[in-house]
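# An overview of the molecular structure
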Amino acid sequence: MRAVAQRVRSARVRVAGEVVAEMAEGLLALVGVARGDSDDDARSLAEKLAHLRVFDDADGVMNRSLAETGGTLGVVSQFTLLGDCRKGRRPSWADAAPPEEAEKRLEVLVAHALALGVTTVTGRFRADMDVELAHQGPVTLLLDTRRLF
C-alpha cells in the first residue's frame with residue numbers, strides 16, 4: 001500500500017457538493033492499494049500513520065504522533081498513486097488493485113486505526129472527490145508498505 005500523508009490544520013472532503021468528511025488538526029492520507037496488498041499491509045500502514053512523530057512537542061520539535069495528540073486521521077482512496085509513468089505519456093494502472101480488493105484493504109486500515117484509538121474520517125470510495133486542506137508546515141511524507149522508497 002502506498003500513501004501520501006500530509007499534516008493538516010484542517011481538511012474537508014466533498015462529493016457532488018456534499019461534505020462527506022471533515023477534520024481538524026491531524027494527518028490527511030491519500031492511500032493507494034496495489035495488487036497483492038494484504039490485510040497485514042493495511043494494519044501496518046495504519047500503525048505507521050497513527051505513530052509517526054510529526055507533531056510538535058512543547059519545544060517545537062516534531063516528536064509527537066496522532067495517537068499522542070488526539071488528532072484525526074483522514075483517509076482518502078487514491079488509486080492514482082499506483083500509476084506508472086515511466087513509459088509514454090499515459091500512466092499505466094496495472095499495479096493498482098481491483099476496486100473490490102482495494103476497498104477491503106482500506107476498510108481494514110480504517111478499522112485498525114480506530115482500534116488504535118485514532119479518530120478517523122474517510123472520503124467515499126470510487127467517488128469523484130474534492131479534497132480541501134490547510135497544509136501545516138508543510139509536512140508531507142511518502143509511505144509504502146513494500147518499502148519501495
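Keep in mind the model is a prediction, meaning the values are calculated, not measured.

## Considerations on the pattern of salt bridges
Counted according to the given criterion, the structure contains 10 salt bridges. Its salt-bridge partner being R7, residue D56 comes within 3.9 Å of it at the nearest N-O pair. With D56 in strand β4 (residues 55-56) and R7 in strand β1 (residues 2-15), this residue pair connects regions lying 49 residues apart in the sequence. Residue D56 is classed as partly exposed on the basis of its relative accessible area of 41%. The buried category is assigned to R7, whose relative accessible area is 8%. The shortest N-O distance in the salt bridge between E132 and R12 comes to 3.5 Å. Of the two residues, E132 is situated in strand β8 (residues 129-144) and R12 in strand β1; the sequence distance between them amounts to 120 residues. Judged by its relative accessible area of 26%, R12 falls in the partly exposed class.

## Focus: the pairing of strand β3 (residues 26-32)
For β3, the tally of buried residues reaches seven of seven residues, placing the bulk of the element in the interior. Bridge count for β1 against β3 is seven bridges, and the pairing is antiparallel. Looking across to β3, one finds that R2 is bridged to G32. Two elements, β3 and strand β6 (residues 72-77), share six bridges in a ladder whose sense is parallel. Among the inter-strand pairings, L30 is bridged to a residue of β6, identified as V76.

## Comments concerning the nonpolar core
In terms of nonpolar packing, the biggest core is built from 28 residues, with M1, V31, L45, L49, L73 and L109 touching the most fellow members. Of all the secondary-structure elements, those providing two or more residues to this core are β1, β3, α1 (39-51), β6, α3 (99-115) and β8. With six residues, α3 is the largest single contributor of residues to this core. Excluding residues that lie within four positions of it along the chain, V31 makes contacts with M1, R2, A3, L45, V75, V76, S77, Q78, L81, L106 and L109. Within the second largest apolar cluster, 15 residues are counted, among which are V13, M23, L28 and M129.

What counts, and at which threshold
Residues numbered from 1 in each chain as written. Predicted model: local features only at pLDDT ≥ 70, side-chain atom pairs only at ≥ 80, totals over all residues. Heavy atoms only, no water. Salt bridge = Lys/Arg side-chain N within 4 Å of Asp/Glu carboxyl O. Helix = DSSP H or I, 4+ residues; strand = E, 2+ residues; numbered from the N terminus. Buried < 20%, exposed > 50% of the residue type's maximum accessible area, 1.4 Å probe, protein only. Pairing = 2+ DSSP bridges. Core = buried A, V, L, I, M, F, W, Y, C linked by side-chain atoms within 4.5 Å. Contact = heavy atoms within 4.5 Å.

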